[in-house]
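Reading the structure
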Amino acid sequence: MKINLKHSCILTIAFSLSLLTACSKNQEIQFKSEGLVYCSEGSPTSFNPQLDTSGTTVDATSHQLYDRLLEFDPEDSQIIPGIAESWRVSGNGLIYTFQLRKRVSFHQTPYFQPSRYLNADDVIFSINRWRLESHPFHDIDVSDYPYFVSLGLDKLIKDVRRINGYRIEIELNKPDSSFLANLATDFAIILSKEYAEQLLTTNQPQLLDEQPIGSGPFKFVSYRKDRFIRYAKHQEYWKHDQTIEQLIYDITPSSSLRLAKLMTGECDVMSLPAHSELDIIRDRDNLMLDEKPGLNVGFWAFNTSKPPFDNPEVRRALAMGIDKSSILEAVYFDSAIKANGLIPPSSWAYQADLRDNSYNPVLARDLLRENGIEPGFTMNIWAMPIERAYNPNAIMMAELIQGYLEQLDINVEIISFEWSLFRRRLDSGAHDSVLIGWSADNGDPDNFYRPVLSCAAIDSGTNRAKWCNKTFDEIIDDALTYSDPQTRAALYQTANAIIADQIPLVPIAHAYRFQAYRKNVHNLVINPFGGIRFGDVVIAQ
């Protein structure tokens, strides 16, 4: 797509307020009719969500650049066709056959000109890239595929076969009732095999994840870390022709600055409004605030690989030492539900009568002493430096917990780093405990249990408690072999009992999700499962 000088001038406005007066009012109005500026909270780690589970990366890439075999309807959460226009499952639950949509175009950019439409080879390439260590693109840049590994999908798939140019078969090693839902998540994107082969010929395979090519509604134009991302409309997008011409990510870590830009019109949509800002947005006539119950959980995880946090009784004492109700009131401003387990009330697997540790500092202190924790003991709490839907202010939460533990004669050091550094150091296991959480990628309850607490998820980096319980793993594995919800819910209640007994983490809150935008933005729907979607958005003149 050509960007003329007028647009260039206007795009500059989005990135530099100091140049605002350089462009005329008429130019700004025209830009608003052709593009959208999204104030995001941070830089993506990659332009390929296969490689990262962070919401920032997913928001920046998944639904803007790529398609998946299957999608979730954002209104009713049902699985709907994506690149696969139909599918069937064999009677034994092991063979999945997908009929692919025809005439789906990949992006045309200065660095890649596709010679063909998306076909079975691209789907097989995309799946084999993360599941096969022998694949030529498996180990480029990083060899970590946290989402797929944490769910064991790399081991679940036995084979991916090409039936013809537009039909593939996926064979599983065992039945898995969550398999289709996992294919519809933000991470199961379709890459271009032809682009990958081009990169191999120029000995630049790493560009597959840095200069992305997908078939989604937008194509990559440019990126400057911690400043901006520029996307342009994919003119041959298969789904419809209503996509806005330009999409700009204005990377603005400060929530208050994002709100200021939204109020002045410098941004059309802002990410993650602070809970203290919600009433301000509600009171503005030119702004909209949508909200939905979130499929998420914010929690305080203990590093169970380190003493004394390897002792369940110590963990229980710490859990009893904090008042979750007061924390919710201070951090979430009544926009969250107190969590008694991993699963939120909107899930069919929610267990309302699950036992929880109530606030009891006297018993907590006694339990600590009985387990050798003397006054003056020091521990750290790692707190995320950014807002997430499941925890809008981890540092404030850490300070509140610090105050509660001080009453138990425990000294708390609060540790926080820049987000990407925070996650890298967290992977090393240096933390005693961490305030973090999980947002579901699909509506299946397995999407909470497995990535957050399974043994396999320790290596993939999503099990922040580093807790491994073979019995727990067997139960959640067994649950996937059944298709009826009642049987599965009963098994998950058994898993809940193990978590409540062992307390690898303290569930704190299930938070509402909020989306703030200007009133002339239409068709922006809160996605119940993960990343934001701009492909269907239109802006009123």
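This text goes with the structure placed above it.
No experiment lies behind these values; they were computed from the predicted model shown.

Taking 1.5 Å per residue as the helical rise, helix 15 (residues 394-406) with its 13 residues ought to reach 18 Å, and the 18 Å between its terminal C-alpha atoms agrees with that figure. Of the residues making up helix 15, those classed as buried are Ala394, Met397, Ala398, Ile401, Tyr404 and Leu405. One side of helix 15 holds all its buried residues, which, seen down the axis, span an arc of 120°.

To continue, consider helix 20 (residues 485-502). Between its first and last C-alpha atoms helix 20 spans 25 Å; for 18 residues at 1.5 Å apiece the expected length is 26 Å, and the two agree. Buried residues along helix 20 sit against helix 12 (312-320), helix 17 (446-453) and helix 19 (470-479). Of the residues trailing helix 20, Ile503 is marked for its positive phi of about 50°.

Here the focus is the packing of helix 13 (residues 324-332) against helix 15. Helix 15 packs onto helix 13 with a crossing angle of 150° between their chain directions and a minimal axis gap of 10 Å. By the angle between their axes, helix 13 is roughly antiparallel relative to helix 15. Considering only the axes of helix 13 and helix 15, their crossing is right-handed. Contacts from Ser326, Ile327, Ala330, Val331 and Tyr332 of helix 13 reach helix 15 at Met396, Met397, Leu400, Ile401 and Tyr404.

Nonpolar side chains tend toward joint burial in soluble globular proteins. In this structure, Leu36, Phe98, Ile170, Trp300, Leu318, Leu405 and Phe534 are the most contacted members of the largest nonpolar core, which totals 146 residues. Formed by 13 residues, the second largest nonpolar core is a distinct cluster that contains Cys39, Met270, Leu278 and Leu289.

Right, let's get into unusual backbone geometry. The omega torsion across Pro307 and Pro308 is 0°, close enough to zero to call that bond cis. Mapping Pro308 onto the fold places it in the loop between strand 13 (296-302) and helix 12. If you check the backbone angles, Arg103 has positive phi at about 60° while not being a glycine. Tracing the backbone through its elements, the reader meets Arg103 in the loop between strand 5 (95-100) and helix 4 (120-131). You can call Arg103 exposed: its relative accessible area is 59%. The phi dihedral of Asp409 is positive, around 65°, even though this residue is not glycine. For Asp409, a relative accessible area of 35% puts it in the partly exposed group.

Let us now look at the layout of surface pockets. In this structure, the largest pocket occupies an estimated 790 Å³ of space. Thr45, Ser46, Asp52, Ser420 and Arg423 are the residues nearest the centre of the largest pocket, which is lined by 32 residues in total. Of all the secondary structure elements, the ones that give two or more residues to the lining of the largest pocket are helix 9 (207-210) and helix 16 (419-427). Considering every element that reaches the lining of the largest pocket, the biggest residue donor is helix 16, with 5 residues. Each residue belonging to the lining of the largest pocket can be placed in one class, and the counts come to 10 nonpolar, 9 polar and 13 charged. Computed from the structure, the second largest pocket encloses a volume of approximately 580 Å³. If you trace the second largest pocket, you find 24 residues lining it, with Ser77, Trp348, Gly443, Asp444 and Phe529 closest to the centre.

Turning our attention to the packing of aromatic side chains. Aromatic rings in a pair are described by how distant their centres are and how their planes are angled relative to each other. For the structure shown, the criterion picks out 23 aromatic pairs. In textbook terms, an aromatic cluster arises when at least three aromatic residues are bridged by ring pairs, as seen for Tyr38, Tyr231, Tyr249 and Phe534.

On to the pairing of strand 13, then. The buried fraction of strand 13 is high, at 7 of 7 residues. Here strand 13 shows two buried faces, one formed by Asn296, Gly298, Trp300 and Phe302 and the other by Val297, Phe299 and Ala301. Looking at chain direction, strand 13 and strand 17 (residues 433-439) are connected through 7 bridges and run antiparallel. Within strand 17, the residue paired with Gly298 across the bridge is Gly437. Pairing of strand 13 with strand 18 (residues 505-518) involves 4 bridges; the strand directions are antiparallel.

Taken as a whole and judged by the stated rule, the model has 2 disulfides. Two residues, Cys455 and Cys468, share a disulfide whose sulfurs are 2.0 Å apart. Its S-S torsion of about 95° marks the bond between Cys455 and Cys468 as right-handed, since a negative value means left-handed. Placement of the pair is Cys455 in the loop between helix 17 and helix 18 (456-460) and Cys468 in the loop between helix 18 and helix 19, with a sequence separation of 13 residues. You can call Cys455 buried: its relative accessible area is 12%.

Thresholds, definitions, all that
Residues numbered from 1 in each chain as written. Predicted model: local features only at pLDDT ≥ 70, side-chain atom pairs only at ≥ 80, totals over all residues. Heavy atoms only, no water. Helix = DSSP H or I, 4+ residues; strand = E, 2+ residues; numbered from the N terminus. Expected span 1.5 Å × (residues − 1). Buried < 20%, exposed > 50% of the residue type's maximum accessible area, 1.4 Å probe, protein only. Arc of directions from axis to C-beta. Contact = heavy atoms within 4.5 Å. Axes fitted to C-alpha atoms, helices over the stretch in contact; angles between N-to-C directions. Parallel < 35°, antiparallel > 145°, perpendicular 65-115°, else oblique. Left-handed = near helix turned anticlockwise from the far one by under 90°. Core = buried A, V, L, I, M, F, W, Y, C linked by side-chain atoms within 4.5 Å. 1 Å grid on protein atoms, 1.4 Å probe; cavity = no way out; pocket = protein on both sides within 12 Å on 5 of 7 lines; lining within 4 Å. Points joined across faces, edges and corners; volume = space filled by probe spheres on them. Nonpolar A, V, L, I, M, F, W, Y, C, P; charged D, E, K, R; others polar. Phe/Tyr/Trp six-rings, centres within 6.5 Å; stacked < 30°, edge-to-face > 60°. Pairing = 2+ DSSP bridges. Disulfide = S-S within 2.5 Å.

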